[in-house]
Amino acid sequence: MSDRTESDFCGSLLVGEVISGKPRAALVRGAKWNPGDRIEVCFLDGVPSVQERVKTFAKEWTALGLANLRFVFRRKPAATPIRISFKYQGHWSAIGKECLASPFTDATQPTMNFGGFDEETPDEMMRAVVLHEFGHALGLTHEHMSPAAGIHWNEEQVYADLSGPPNHWSREIIRKNIFEVREDTNYTEFDPSSIMLYRIKKSWNFDGLEVGWNNDLSPTDRAFIRQQYP
Ligand SMILES: [Zn+2]
């Protein structure tokens, strides 16, 4: 999506990897919910019309034939596992059940944030970001977190781009969000149109990989989440 910027990179992770020329998606095993779980969600702030839109887009993941989970939205702020705010900077979310543990144990604090979303935010952009962050809430990470990750990062270029505006990330955050590999994931065949892929600039790697913004759940996203939550 051309009107999105680096500030859309969520704080948890970033972007994709290539394994033998093929990117893959990954789900953190220890962060996985149980199929059939009813997961309570509340909003800590924000206006009702924007909250309603977030709710509608989030529920696409649990539509018939997708994840066998249920998001139950409470009317008022509460000590629910998922707590959404619009007040903080950036778009980010806890990964799956990691929202139940440190550093998310303070029920007055969010586990998911949509910085800057308001009545003016276009539906297409809001939907893409909500689907992506709720993908994290279901336990999904980004492609490069797979143990078999194969991107040859141009680390200095990534550091240079993301330590500047609008992200202003520290080297530690960039390392943790982009270069780190998690060993504890399930993954499956994937396609480059996944909602869990973020833009990768060509200058960020030595593999010639370039990925633009994706706006929708791909057929593989749908099949994978169904397989993980049957
Ligand atoms: Zn993300």
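Residues numbered from 1 in each chain as written. Predicted model: local features only at pLDDT ≥ 70, side-chain atom pairs only at ≥ 80, totals over all residues. Heavy atoms only, no water.

For the protein chain, the name recorded in an unreviewed UniProt entry is Peptidase metallopeptidase domain-containing protein, with Polyangium jinanense as its organism.

A. Quick look at the overall build of the protein chain. Summing up its helical and strand segments, the protein chain has 5 helices and 7 strands in all. The helix and strand sequence of the protein chain, counted from the amino end, reads β-β-α-β-β-β-β-α-α-α-β-α. The buried share of the protein chain, reckoned over its 230 residues, is 52%. Here the analysis covers contacts within the protein chain between residues at least 6 apart in sequence; of these, 81% occur between residues at least 24 apart. Just so you have it, the protein chain exposes about 10100 Å², and 50% of that area is on carbon and sulfur atoms. (Helix = DSSP H or I, 4+ residues; strand = E, 2+ residues; numbered from the N terminus. Buried < 20%, exposed > 50% of the residue type's maximum accessible area, 1.4 Å probe, protein only. Contact = heavy atoms within 4.5 Å. Areas by Shrake-Rupley, 256 points an atom, 1.4 Å probe, with all protein chains shown as cover.)

B. Structural view of the side chain of histidine 136. Turning to its location among the elements, histidine 136 is positioned in helix 2 (residues 123-137). Looking at histidine 136, its side chain comes within polar contact range of the main-chain oxygen of leucine 140, at 2.7 Å. (Polar contact = N/O pair within 3.5 Å; in protein donor to acceptor, adjacent residues only side chain to side chain.)

C. The arrangement of the sheet that holds strand 4 (residues 82-85) in detail. Sheet architecture is open: 5 strands sit in the order 3-2-4-6-5, paired in mixed fashion. Because the sheet does not close on itself, it has two edges, and the strands there are strand 3 (70-73) and strand 5 (91-93). In this sheet, adjacent strand axes meet at a mean angle of 25° when their direction is disregarded. Across the sheet, helix 1 (residues 48-58) touches strand 2 (38-43), strand 3, strand 4 and strand 6 (112-114), and the angle it forms with strand 3 is around 170°. (Pairing = 2+ DSSP bridges. Axes fitted to C-alpha atoms, helices over the stretch in contact; angles between N-to-C directions.)

D. Spotlight on the packing of helix 1 against helix 2. Where helix 1 contacts helix 2, the two axes come as close as 9 Å, and the packing angle between them is 60°. The angle between helix 1 and helix 2 falls in the class oblique. Here helix 1 runs over helix 2; the crossing is right-handed. Contact residues: Val50, Arg53, Val54, Phe57 and Ala58 in helix 1; Asp123, Met126, Arg127, Val130, Leu131 and Phe134 in helix 2. When its residues are assigned to classes, the contact of helix 1 with helix 2 shows 8 nonpolar, no polar and 3 charged. (Parallel < 35°, antiparallel > 145°, perpendicular 65-115°, else oblique. Left-handed = near helix turned anticlockwise from the far one by under 90°. Nonpolar A, V, L, I, M, F, W, Y, C, P; charged D, E, K, R; others polar.)

E. Inspection of the nonpolar core at higher detail. Counting 40 residues, the largest nonpolar core has Ile84, Phe114 and Phe134 as its most contacted members. Where this core is concerned, the elements lending two or more residues are strand 2, helix 1, strand 3, strand 4, strand 6, helix 2 and helix 5 (219-228). With 8 residues, the top contributor of residues to this core is helix 2. In terms of nonpolar packing, the next biggest core, distinct from the first, is built from 14 residues, Trp153, Val158, Leu162 and Val211 among them. (Core = buried A, V, L, I, M, F, W, Y, C linked by side-chain atoms within 4.5 Å.)

F. Quick peek at the packing of aromatic side chains. Summed over all chains, the structure comprises 7 aromatic pairs. Seen from their ring centres, phenylalanine 114 and phenylalanine 117 are 5.3 Å apart, and the 5° between their planes marks the pair as stacked. Comparing phenylalanine 114 with phenylalanine 117 shows no difference in burial state: the two are buried. Plain terms: the ring middles of tryptophan 153 and phenylalanine 179 are 5.8 Å apart, the flat faces sit at 65° to each other, and that makes the pair edge-to-face. Separated by 26 residues along the polypeptide, tryptophan 153 in the loop between helix 2 and helix 3 (155-162) and phenylalanine 179 in helix 4 (residues 171-179) bring together distant segments of the chain. Put simply, the rings of Phe43, Phe73, Phe86, Phe114 and Phe117 pair up and form one aromatic cluster. One cation-aromatic arrangement involves arginine 171 over tyrosine 159; the distance from NZ or CZ to the ring centre is 3.8 Å. (Phe/Tyr/Trp six-rings, centres within 6.5 Å; stacked < 30°, edge-to-face > 60°. Lys NZ or Arg CZ within 6 Å of the ring centre and 35° of its normal.)

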